Amino acid sequence: MLTFKRLLVVGGIILVVAMIAGCAAGTAKFEDQPAGFWAGLWHGFICVFTFIISLFTENVRMYEVNNTGGWYDFGFLLGACIFLGGGSGAHAKKKRSKNAEEKEWEKIAQKVEEKVRKGIKHWAEESEEKDKD
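The residue numbers shown here count from 1 along each chain, following its written sequence. Reporting of local features is limited, given that this is a predicted model, to residues whose pLDDT is at least 70; pairs of side-chain atoms are given and counted only at 80 or more, and all residues count toward the totals for whole chains, interfaces and linings. Only hydrogens and water are set aside; all other atoms, that is, all heavy atoms of the structure, feed into the side-chain values.

Participant: Teacher, can you tell me more about the nonpolar core here?
Facilitator: F30, A35, A39, C47, Y72, F76 and A80 form the largest nonpolar core, which has seven residues in total. Numbering of helices and strands starts at the N terminus; helices are DSSP runs of H or I of at least 4 residues and strands are runs of E of at least 2. No other element matches the three residues that helix α4 (residues 70-84) contributes to this core. What is meant by a nonpolar core is a set of buried Ala, Val, Leu, Ile, Met, Phe, Trp, Tyr and Cys residues, joined one to another through side-chain atoms within 4.5 Å. Exposure categories follow from relative accessible area, calculated using a 1.4 Å probe and restricted to protein chains: below 20% of the type maximum is buried, above 50% is exposed, and the middle band is partly exposed.

Rendered as structure tokens:
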């Protein structure tokens, strides 16, 4: 049985998908006036969702054909980059955290190397003592 919490989540998802589909490219909204920069920005931002919806219906498209041209294209590209993480800041952050991870592994490797060296030295000393006896 569905609990109230699950039912609320499913209802919320359906509501969000319906809202996105209502603002998606390919609707009758842009027949009178072509889509401009702001519509392109929004369509780029929701491009993944509209692509999935467009697989199941012919009424919704990922890209609005009736647009103003370059400004719509720029908005679409900018929106897609924002949503899909096309900024270089994320790459720099990932690179910094990778360096921190590498430093941590280097410290671990040094500790392991030191323990192995001590173990070999201890083993060698024990072997020499046994040879003397």
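Participant: Looking at this model, I keep getting lost on a positive patch on the surface. Mind explaining?
Facilitator: Among the surface-exposed residues, K103, K107, K111 and K115 lie close enough to one another that they form a single positively charged patch. Locating K103 in the fold gives a position in helix α5 (residues 88-132). K103 gets classed as exposed once you look at its relative accessible area, which sits at 55%. Patches were defined on residues exceeding 30% relative accessible area and lacking a salt bridge, with like-charge contacts within 9 Å and nonpolar side-chain contacts (Val, Leu, Ile, Met, Phe, Trp, Tyr) within 5 Å. Every accessible area reported is derived by Shrake-Rupley at a probe size of 1.4 Å, with residue values counting cover from the shown protein chains alone. Note on definitions: salt bridges are taken to be side-chain nitrogens of Lys or Arg within 4 Å of carboxyl oxygens of Asp or Glu. None of His or the chain ends enter the tally, which takes Lys and Arg as positive and Asp and Glu as negative. Lysine's charge is taken at NZ, arginine's at CZ, aspartate's at CG and glutamate's at CD.

Participant: Quick question: what am I supposed to make of the packing of aromatic side chains here?
Facilitator: Two numbers describe a pair of aromatic rings. These are the distance of the centres and the angle of the planes. Stacked, tilted and edge-to-face pairs are distinguished by plane angle, under 30 degrees for stacked and over 60 for edge-to-face with tilted covering the rest, among Phe, Tyr and Trp rings (Trp via its six-membered ring) whose centres lie within 6.5 Å. What the rule picks out here adds up to ten aromatic pairs. Between Y63 and F76, the aromatic rings sit 5.3 Å apart at their centres with planes inclined by 75°, giving edge-to-face as the arrangement. Linking Y63 in the loop between α3 (47-54) and α4 with F76 in helix α4, this pair joins segments that are 13 residues apart in sequence. Members of the aromatic cluster, connected to one another through ring pairs, are F37, W38, W71 and F74.

Participant: Explain the environment of Y72 to me, please; I cannot follow it from the model alone.
Facilitator: For Y72, the position within the fold is in helix α4. Its relative accessible area of 0% is what places Y72 among the buried residues. Along the chain, Y72 and P34 lie 38 residues apart, while their C-alpha atoms are 9.3 Å from each other.

Participant: Can you walk me through α4 in this structure?
Facilitator: For an α-helix, the turn length of 3.6 residues means that residues three or four places apart are oriented alike. Counted at 1.5 Å a residue, the expected span for α4 with its 15 residues is 21 Å, and the 21 Å between its end C-alpha atoms agrees. Residues of α4 that are buried: Y72, G75, F76, G79 and A80. Viewed end-on, α4 has its buried residues packed into an arc of 130°, placing them on one side of the element. Opposite the packed face of α4, turned more than 90 degrees from it, sit the exposed residues G70, W71, L77 and I82. Downstream of α4 by one or two residues, G85 has phi in the positive range, about 80°. Given a helix with a known number of residues, its expected span is that number minus one, times 1.5 Å. Throughout, the arc means the angular range of directions from the helix axis out to the C-beta atoms.

Any functional reading would require information beyond the geometric quantities listed.
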